[in-house]
Amino acid sequence: MTTTASSSAPSVGVPVQQRVADLASSLVGAWQKGYLADRSHAVGALARLRRGAGREAGETPDLWNLIDTDPLHTTDAGTRPLSEQELVRAENALHAALTLWAFHQQSRRFPMHRPHTRERPGGLGSAVRRVMPADGTDAPVRTRLVRAGTAPDLVTLTQRLRDIVALLRRDDIPLDYALLAGQLYVWQWPDGPAAVRRRWGRSFHEQRRTRPDTGQNTAPASDANTTPDTDKDAS
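About the criteria used
Residue numbers run consecutively from 1 along every chain, following the written order of its sequence. Restriction of local features to residues with pLDDT of at least 70 applies here, the model being predicted, together with a cutoff of 80 or more for giving and counting side-chain atom pairs; totals for whole chains, interfaces and linings are based on all residues. Working from all heavy atoms in the structure, the side-chain values ignore hydrogens and water. Runs of H or I in DSSP of at least four residues are treated as helices and runs of E of at least two as strands, each being numbered from the N terminus. Aromatic pairing here means that ring centres of Phe, Tyr or Trp (its six-membered ring) are within 6.5 Å. Orientation follows from the plane angle: under 30 degrees is stacked, over 60 is edge-to-face, and everything else is tilted. Buried residues are those whose accessible area, probed at 1.4 Å on protein chains only, stays under 20% of the maximum for their type, while exposed residues exceed 50% and partly exposed ones sit between those limits. Arc definition: it is the arc formed by the directions from the helix axis to the C-beta atoms. Salt bridges are identified by distance alone: a Lys or Arg side-chain nitrogen within 4 Å of an Asp or Glu carboxyl oxygen.

Caption draft 1: Representation of the environment of Ala194. Assignment of secondary structure puts Ala194 in helix α9 (residues 192-206). Distance from Ala194 to Thr150, taken between C-alpha atoms, is 9.0 Å for residues 44 residues apart in sequence.

The following block contains the structure:
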């Protein structure tokens, strides 16, 4: 469910972002590994997740017991209880990222979630740049990224991201969905959209214009459990 950005982000926003990213990595990693191995529980989970794409987190009761957010409610060593506002926004971000991944992964036999590294960028801007031809830019594709960055609310943003993911899916270009989940959490706070747009823009301009080679540019399923790089340059 979408919340109104009515208060400032807490000073501990970055650690919460990391917790969201880590949980997304764990959930997607397990489902992706199972889906690629054709395990029934993972295939079923992916089908359920797809039905929630583009909707608010609370609109799909079928996902309430599928997306396990218990780690966000616990306080392990070095963590603190999250506020109600932080929990809602974390759950929104997880729902959006996981349902987009399910749409991306559908019928694909290579992992569509791939952790970001500096050598193999996995951020949204980098992925969009890879959709473009090597000998020039594709204005309509770039426009989709710009429109996503100017979405007025999280539901609209998710719907616009789904259009981008459709292009990535077409070309078998993976994305770091843990990184995206953390960014979607940040996006919901005041000044968050501007910060996330900057990260997407930075990775778009830094990514080399190369078309993907499915055999060489998709990570094996075992890589899906790697902790994503979520520092300020990981966009």
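Caption draft 2: Representation of the packing of aromatic side chains in the model. Across all of its chains, the model carries 2 aromatic pairs by this definition. When the centroid spacing of 6.5 Å and the interplanar angle of 15° are considered together, the rings of Trp31 and Trp101 count as stacked. Of the two residues, Trp31 is situated in helix α1 (residues 13-36) and Trp101 in helix α4 (residues 84-105); the sequence distance between them amounts to 70 residues. Each of the two residues, Trp31 as well as Trp101, counts as buried.

Caption draft 3: Region of the structure containing helix α5 (residues 124-131). Buried residues dominate α5, accounting for 8 of its 8 residues. Within the span of α5, buried status applies to Leu124, Gly125, Ser126, Ala127, Val128, Arg129, Arg130 and Val131.

Caption draft 4: Looking closely at helix α2 (residues 40-50). Turning to α2, its buried residues are Ala42, Ala45, Leu46 and Leu49. In a view along the axis of α2, the buried residues occupy a sector of 100°, so they form one face of it.

Caption draft 5: Structural context of the pattern of salt bridges. All chains considered together, the criterion is met by 2 salt bridges. Arg108 is the partner of Asp172 in a salt bridge, and the nearest nitrogen-oxygen pair spans 3.0 Å. Here Arg108 lies in the loop between α4 and α5 and Asp172 lies in the loop between α7 (154-170) and α8 (177-187), a separation of 64 residues in the sequence. Each member of the pair, Asp172 together with Arg108, is buried. One salt bridge in this structure joins Asp171 and Arg170, with 3.0 Å as the shortest N-O distance. Judged by its relative accessible area of 15%, Asp171 falls in the buried class.

This is a description of form; function is not addressed.
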